[in-house]
Amino acid sequence: MDESRALLERIAAALERIAPPAPRPADWQGDPAYRWDGQAARPVPGPDALPLETLRGVEEQKRAALENLTRLAEGAAAHDMLLWGARGMGKSALVRACIAALDAEQPGRIALVQLAPGSLAGFPDLIEQLARQERAFLLFIDDLGFGSDGRADMLALRSLLDGGILPRPRHVRIAVTSNRRAIVRREEAEAGALHQRDERDDALALADRFGLTLAFHPCDRDTYLTILRGYTEPAGLAFDEEEAMAFAIQRGNRSGRTALQFATELAGRAGKRL
C-alpha cells in the first residue's frame, strides 16, 4: 500500500509539473484591450487601431458608433451594436478606432474585449468578472458567421442579448460585425430552401436584438478615392487616381481595405511609415 501510494504521489507530482499553469486573474483596469478565449483574458497593451480621423467614406456610421460608445464610456445608456455589410469597408476598424479615440481622450474609462471564436460558452464567467469593475467594456465579436460553423455561437449570442437568465451589467455592451447581408433583410427570409430560411430566420432574430445597426455598402469610385485620401494625406503622400483605380481592379474590389493596401504601397515606395 505504501509503495502504491508513493507511486501515485509521484505520478500526480509529474502531472502537475507538465500541466500548464492556471491563468492569472485579469487586471481589468490595466489595459485598453483584452482577448477572451472562453476561460481567461489576455491583455492587449497596444491594440491595432487606425486614427479615427483617417477613416473616411463612412461618416454617418462613424458618427453613430462614436456617439453610442461615448455614452457607454460616460456611464449613460448605450446600445448593443451590429455592423454589417460589404467586406473590407471598415467595420472592425471603426470599432477599434472609436475605442482607441475614447481611451486617448480619457485613459482607462473604456476597454475593448475581443471574444475569440467559440468562446461564448465562457460568457457567464466573463460577465461575472466584468460586473465587479467600474469601467465600461465593449465586448467585440468580429466576423460572426451564420452558417453551420457559426450557428452555435449565433444562438448563444441571441440568448445573451435578450431573453437569457443572466443579467448583463449596464456598463457592458456588445458589438458584432458580419459580412452577411441577409442578416437585416427581412424579405430575404422568404426565399430559398427550408434550411436556408431557418438560417435566415435565426439571423434575423439575432439582428432584432441590437439597438444600433450600421450598414456598410460597397463603395463607388469617388468614395474609394475619398477613403484613400484619408490614409495618404496625413502621411503627405500624393497618388495618381488612375493608378489607384487599377490597383483596385487588380484586386477585384473597391473597399477601404484595398485603399489601405494601396496607401501602404505608396508609403513603402516613399520610404515612409503609414
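As a reminder, the structure under discussion sits directly above these lines.
Everything quoted here is computed from the prediction, not taken from an experiment.

What counts, and at which threshold
Residues numbered from 1 in each chain as written. Predicted model: local features only at pLDDT ≥ 70, side-chain atom pairs only at ≥ 80, totals over all residues. Heavy atoms only, no water. Axes fitted to C-alpha atoms, helices over the stretch in contact; angles between N-to-C directions. Helix = DSSP H or I, 4+ residues; strand = E, 2+ residues; numbered from the N terminus. Parallel < 35°, antiparallel > 145°, perpendicular 65-115°, else oblique. Contact = heavy atoms within 4.5 Å. Nonpolar A, V, L, I, M, F, W, Y, C, P; charged D, E, K, R; others polar. Phe/Tyr/Trp six-rings, centres within 6.5 Å; stacked < 30°, edge-to-face > 60°. Buried < 20%, exposed > 50% of the residue type's maximum accessible area, 1.4 Å probe, protein only. Lys NZ or Arg CZ within 6 Å of the ring centre and 35° of its normal. Pairing = 2+ DSSP bridges.

Chemist: So what about the packing of helix 7 (residues 221-232) against helix 8 (residues 241-251)? Which residues, and what values?
Modeler: Helix 8 packs onto helix 7 with a crossing angle of 105 degrees between their chain directions and a minimal axis gap of 11 Å. Taken together, helix 7 and helix 8 sit at an angle that is classed as roughly perpendicular. Counted together, Arg-221, Tyr-224, Leu-225, Leu-228 and Arg-229 of helix 7 and Glu-241, Glu-242, Ala-244, Met-245, Phe-247 and Ala-248 of helix 8 form the full contact between these two elements. Residues of the contact of helix 7 with helix 8, tallied by class, amount to 7 nonpolar, no polar and 4 charged.

Chemist: Break down the packing of aromatic side chains for me, citing the residues and quoting the values.
Modeler: A full pass over the atoms with the stated rule returns 3 aromatic pairs. For the ring pair Trp-28 and Tyr-34, a centre distance of 4.7 Å and an interplane angle of 55 degrees mean the geometry is tilted. For Trp-28, a relative accessible area of 3% corresponds to the buried category. The structure contains a cluster of three or more aromatic residues connected by ring pairs, namely Trp-28, Tyr-34 and Phe-137. Arg-251 extends its terminal NZ or CZ atom over the ring of Phe-247, reaching a point 3.5 Å from the ring centre.

Chemist: Outline the pairing of strand 6 (residues 172-178), listing residues and values.
Modeler: The element strand 6 is extensively covered by neighbouring structure, given that 7 of its 7 residues are classed as buried. With burial as the criterion, each face of strand 6 is covered, one bearing Val-172, Ile-174, Val-176 and Ser-178 and the other bearing Arg-173, Ala-175 and Thr-177. Taken together, the 4 bridges between strand 3 (residues 81-85) and strand 6 define a ladder with parallel strand orientation. Bridge assignment links Leu-83 to a residue of strand 6, and that residue is Thr-177. Here strand 5 (residues 136-141) pairs with strand 6 via 5 bridges, running parallel. Residue pairing for strand 6: Leu-139 is matched across the bridge by Ile-174.

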